[in-house]
Amino acid sequence: MSDLDLLTQSLARNVKRWRTERGFTLDALAARSGVSRGMLIQIEQARTNPSLGTVVKIGDALGVSITTLLDYERGPKVRVVPAEQAVRLWHTETGSYNRLLAGAEAPGPLEMWDWRLMPGESSPSDPHPAGTVELVHVTAGELTLTVGGAVHRVPAGASASFEADVPHTYGNTGDVPMEMVMAVSVPPAH
């Protein structure tokens with residue numbers, strides 16, 4: 001079975017499990033997430049491979065991390081993620097990508113990401129739930145971080161934190177690749 005098949009099946013099982021645990025109908029989850037009922041049915045039946053944006057919306061609506069939605073199994077308190085198991089959820093042909101390195105529930109979703117953006121590329125993000133905080137640490141190049149329309153330059157070696165409940169974009173306006181590590185903390189669903 002391919003990695004993609006494994007992810008599709010894990011996502012199907014975990015979306016259904018967390019939706020049931022939260023007491024949400026398909027219609028309620030569709031309304032909370034902005035993902036259509038038809039798409040949710042396809043995801044829960046492992047008949048589709050949804051975009052990163054769709055998985056993020058479902059995770060936010062359920063109050064669980066993407067890691068939890070893609071988790072192959074529930075394990076012990078310590079979970080070591082081998083380098084080759086980091087999940088690449090987005091990439092471009094020119095070499096930009098993000099990888100989900102690790103995640104946990106603490107008490108809401110907490111995720112750690114590895115990002116690379118090639119010169120001239122950017123990745124926009126819809127607002128996350130109120131109370132979501134992101135931390136970034138740039139290890140190479142310079143991040144052009146736009147939060148709520150305001151542009152912030154974050155050079156290599158520098159870090160930034162921001163409330164991510166507004167539209168935000170990670171960009172590279174420089175001429176060398178930008179690399180960063182990012183942590184995302186989402187409050188638990190109520």
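Up top you'll find the structure we're talking about.
Treat the numbers as computed from the prediction; the structure is a model and nothing was measured.

(A) Just the sheet that holds strand E4 (residues 122-125), in detail. Strand order in the open sheet formed by four strands is E4-E9-E6-E7, and the pairing between neighbours is antiparallel. Two strands lie at the open edges of the sheet, namely E4 and strand E7 (150-155), each paired on one side alone. When the angles between neighbouring strand axes are averaged without regard to direction, this sheet yields 15 degrees. Here strand E6 (residues 142-147) pairs with strand E9 (residues 168-171) via four bridges, running antiparallel. Across the sheet, Thr144 pairs through a bridge with Gly171, a residue of E9.

(B) Spatial organisation of the packing of aromatic side chains. In the structure shown here, the tally under the stated rule is two aromatic pairs. Taking the centre distance of 5.5 Å and the plane angle of 40 degrees together, the rings of Trp90 and Trp115 count as tilted. Here Trp90, found in strand E1 (residues 87-91), pairs with Trp115, found in strand E3 (residues 109-117); they are 25 residues apart in sequence, far enough to count as distant. With respect to burial, Trp90 and Trp115 carry one shared label: buried. Between Trp115 and Tyr170 the ring centres are 4.9 Å apart and the planes differ by 50 degrees, which places this aromatic pair in the tilted class.

(C) Spatial organisation of the pattern of salt bridges. Under the definition given, this model contains six salt bridges. Linking Glu44 and Arg19 is a salt bridge whose minimum nitrogen-to-oxygen distance equals 2.6 Å. One end of the pair, Glu44, is in helix H3 (residues 37-44); the other, Arg19, is in helix H1 (residues 3-22), and 25 residues separate them in sequence. As far as the burial class goes, Glu44 and Arg19 line up, both buried.

(D) Summary view of the packing of H1 against helix H4 (residues 52-62). Contact geometry of H1 with H4 gives a least axis separation of 10 Å together with a crossing angle of 25 degrees. If you check the angle between H1 and H4, you find them roughly parallel. As H1 runs across H4, the sense of the crossing is left-handed. Counted together, Leu11, Val15, Trp18, Arg19 and Arg22 of H1 and Val55, Ile58 and Leu62 of H4 form the full contact between these two elements. Classifying every residue of the contact of H1 with H4 gives six nonpolar, no polar and two charged.

(E) Here's a closer look at the pairing of strand E10 (residues 178-185). The alternating pattern of E10 places Met178, Met180, Met182 and Val184 on a buried face and Glu179, Val181, Ala183 and Ser185 on a face that is not buried. Bridge count between E3 and E10: eight bridges; the pairing is antiparallel. Counted as the bridge partner of Leu110 is Ser185 from E10. Of the pairings in the sheet, the one linking strand E5 (residues 133-140) to E10 comprises seven bridges and is antiparallel in character. Opposite Val136, over in E10, you have Met182 as the bridge partner.

Procedures and definitions
Residues numbered from 1 in each chain as written. Predicted model: local features only at pLDDT ≥ 70, side-chain atom pairs only at ≥ 80, totals over all residues. Heavy atoms only, no water. Pairing = 2+ DSSP bridges. Helix = DSSP H or I, 4+ residues; strand = E, 2+ residues; numbered from the N terminus. Axes fitted to C-alpha atoms, helices over the stretch in contact; angles between N-to-C directions. Phe/Tyr/Trp six-rings, centres within 6.5 Å; stacked < 30°, edge-to-face > 60°. Buried < 20%, exposed > 50% of the residue type's maximum accessible area, 1.4 Å probe, protein only. Salt bridge = Lys/Arg side-chain N within 4 Å of Asp/Glu carboxyl O. Parallel < 35°, antiparallel > 145°, perpendicular 65-115°, else oblique. Left-handed = near helix turned anticlockwise from the far one by under 90°. Contact = heavy atoms within 4.5 Å. Nonpolar A, V, L, I, M, F, W, Y, C, P; charged D, E, K, R; others polar.

Such coordinate-based values are descriptive only and should not be taken to indicate function.
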